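Summary of the model geometry
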Amino acid sequence: MDSSTEQRQLEVQPISVIQADITTLRVDAIVNAANTTLLGGGGVDGAIHRIAGPELLTACRAIAEVSPGVRCPTGQARITPGFRLPARHVIHTVGPVYRDGMSNEPKQLANCYQASLEIAADYQLKSIAFPSISCGVYGYPADRAARIAVSTIRRFLSEHPALRVDLVAFDEETKDILRLAVDSPC
């Protein structure tokens with residue numbers, strides 16, 4: 001292998017920031033900011049379940065509970081097919097409810113991204129799109145969450161450079177926050 005081929009293999013894909021409806025993206029997997037039951041909810045979770053169709057709910061119900069009513073604990077992730085979505089898969093992850101930033105929330109949030117990325121690698125996926133996990137009703141400050149997301153994704157991409165990662169914003173303000181985090185050196 002010549003040095004230019006070796007250099008291309010070592011190049012890490014950049015993290016893209018896009019403003020879009022995550023349910024419309026043609027990627028290998030979209031990430032669902034789910035709740036622990038995986039049975040649907042509001043926001044991104046509700047939209048993904050509506051578009052994917054009732055098969056998604058059936059697939060989520062088939063995931064074994066790890067404790068009563070809990071199919072996916074905070075900081076972990078599970079995968080299902082995408083069914084009627086343009087994405088082939090949905091990776092469900094449960095972010096932390098923000099309290100004060102000192103109750104293990106940063107680690108739990110980083111674990112959401114890490115677990116989702118590990119599933120993508122295990123399934124040999126080439127592209128994944130993330131919403132801003134925990135930034136809706138769970139109340140995580142968007143700027144802090146964006147920095148955690150970007151640093152976690154960058155570490156993962158350093159060992160999995162072929163994976164394409166999109167951070168998906170639902171509005172201009174979130175897009176600007178994500179762009180700032182991606183453009184910062186760390």
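If you're wondering where the values come from, they're calculated on a predicted model, not measured in any experiment. (Residues numbered from 1 in each chain as written. Predicted model: local features only at pLDDT ≥ 70, side-chain atom pairs only at ≥ 80, totals over all residues. Heavy atoms only, no water.)

Looking at the overall build of the protein
Where we set the bar: Numbering of helices and strands starts at the N terminus; helices are DSSP runs of H or I of at least 4 residues and strands are runs of E of at least 2. Here the globule rule is a power law, 2.2 Å times the number of residues to the power 0.38, and the radius of gyration is based on C-alpha atoms. Relative accessibility under 20% of the residue-type maximum defines a buried residue, over 50% an exposed one, and the middle range a partly exposed one, all with a 1.4 Å probe and only protein chains included. Here, two residues are considered to be in contact whenever any of their heavy atoms come within 4.5 Å of each other. Values of accessible area rely on a 1.4 Å probe in the Shrake-Rupley scheme; residue burial ignores everything except the protein chains shown. The positive count covers Lys and Arg only, the negative count covers Asp and Glu only, and His and the chain ends enter neither. Charge coordinates come from a single atom per side chain, which is NZ of Lys, CZ of Arg, CG of Asp or CD of Glu.
Each helix and strand counted, the protein has six helices and six strands in total. Going from the N terminus to the C terminus, the protein shows its helices and strands as α-β-β-α-α-β-β-α-β-α-β-α. Taken over C-alpha atoms, the radius of gyration comes to 16 Å for the protein, in line with the 16 Å a tight globule of 186 residues would show. Overall size of the protein, expressed as C-alpha extent along the three principal axes, is 55 × 35 × 30 Å. Sorting the 186 residues of the protein into buried and exposed places 45% on the buried side. Long-range pairs, those at least 24 residues apart, make up 68% of the contacts in the protein with a sequence separation of at least 6. Looking at the protein as shown, the accessible area adds up to about 9400 Å², and 53% of this sits on carbon and sulfur atoms. Where the 18 positive side-chain charges of the protein centre and where its 20 negative ones centre are 4 Å apart.

Remarks on helix α3 (residues 54-61)
The cut-off we apply is this: By construction, the arc corresponds to the directions joining the helix axis to the C-beta atoms.
Along α3, the residues that are buried comprise Leu-56, Ala-59 and Cys-60. Across the axial projection of α3, the buried residues extend over an arc of 100 degrees, all falling on one side. Exposed positions of α3 whose direction lies more than 90 degrees from the buried face are Pro-54, Thr-58 and Arg-61. Structurally, α3 contributes buried residues whose contacts are with α2 (43-52), β3 (77-81) and β4 (89-93).

Observations regarding the pairing of β4
So the rule is basically this: When DSSP finds two or more bridges between two strands, those strands count as paired.
With respect to burial, β4 is a largely interior element, five of its five residues being buried. Burial of the side chains of β4 extends over both faces: His-89, Ile-91 and Thr-93 are buried on one face and Val-90 and His-92 on the other. Relative to β4, strand β2 (residues 29-33) runs parallel, the two being bridged by five bridges. For Ala-33, the partnering residue across the bridge sits in β4 and is Thr-93.

Describing the packing of helix α4 (residues 105-122) against helix α5 (residues 142-159)
Under the convention used in this document: Only the contacting stretch of a helix is used when fitting its axis, a line to C-alpha atoms as for every element, and angles between N-to-C directions run 0 to 180 degrees. In this scheme the handedness of a crossing depends on how the near helix is turned from the far one: anticlockwise by less than a right angle means left-handed, clockwise means right-handed. Throughout this entry, Asp, Glu, Lys and Arg are counted as charged residues, while Ala, Val, Leu, Ile, Met, Phe, Trp, Tyr, Cys and Pro are counted as nonpolar. The remaining residues, Gly among them, count as polar.
It is the contact of α4 with α5, at a shortest axis distance of 9 Å, that shows an interaxial angle of 35 degrees. Both α4 and α5 take part in a crossing whose hand is right-handed. Between α4 and α5, the contacting residues are Pro-106, Leu-109, Ala-110, Tyr-113, Gln-114, Leu-117, Glu-118 and Ala-121 on the first element and Ala-145, Ile-148, Ala-149, Thr-152, Ile-153 and Phe-156 on the second. Here the contact of α4 with α5 is built from residues that sort into 11 nonpolar, two polar and one charged.

Some thoughts on the nonpolar core
Test applied: Side-chain atoms within 4.5 Å are what join buried Ala, Val, Leu, Ile, Met, Phe, Trp, Tyr and Cys residues into a set we call a nonpolar core.
Within the largest apolar cluster, 36 residues are counted, with the highest numbers of intra-cluster contacts made by Ile-91, Ile-128, Phe-130, Ile-153, Val-165 and Leu-167. Apart from residues lying up to four places away in sequence, Val-165 is in contact with Pro-14, Ile-15, Ser-16, Leu-117, Ile-128, Phe-130, Ile-153 and Leu-157. Within the second largest apolar cluster, 18 residues are counted, among which are Ile-22, Val-27, Leu-85 and Ala-87.

Some words on the sheet that holds β4
Within a beta sheet, neighbouring strands are joined by backbone hydrogen bonds and run either parallel or antiparallel to one another. Pairing within the open sheet is mixed, and its six strands lie in the order β1-β6-β5-β2-β4-β3. Edge positions in the sheet fall to β1 (15-19) and β3, since each of these pairs with one other strand and no more. Direction aside, the axes of adjacent strands within the sheet are offset by 25 degrees on average. Relative to β4, β3 is paired through five bridges, and the arrangement is antiparallel.

Re the confidence of the model for the protein
Counted only if it meets this: The score called pLDDT rates the predictor's confidence residue by residue, from a low of 0 to a high of 100.
Taken as a whole, the protein shows an average pLDDT of 93; of its residues, 93% reach a score of 70 or greater. The low-confidence segment residues 1-10 (pLDDT under 50) makes three contacts with residues lying over four places distant or belonging to another chain.

Topic: the pattern of salt bridges
Definition in use: Criterion for a salt bridge: a side-chain nitrogen of Lys or Arg within 4 Å of a carboxyl oxygen of Asp or Glu.
Applying the stated criterion to the full structure yields seven salt bridges. Among the salt bridges present, the one from Arg-164 reaches Asp-166, with a minimum N-O distance of 3.0 Å. The class for Arg-164 is partly exposed, based on a relative accessible area of 32%. Judged by relative accessible area, Asp-166 falls into the buried class, the value being 5%.

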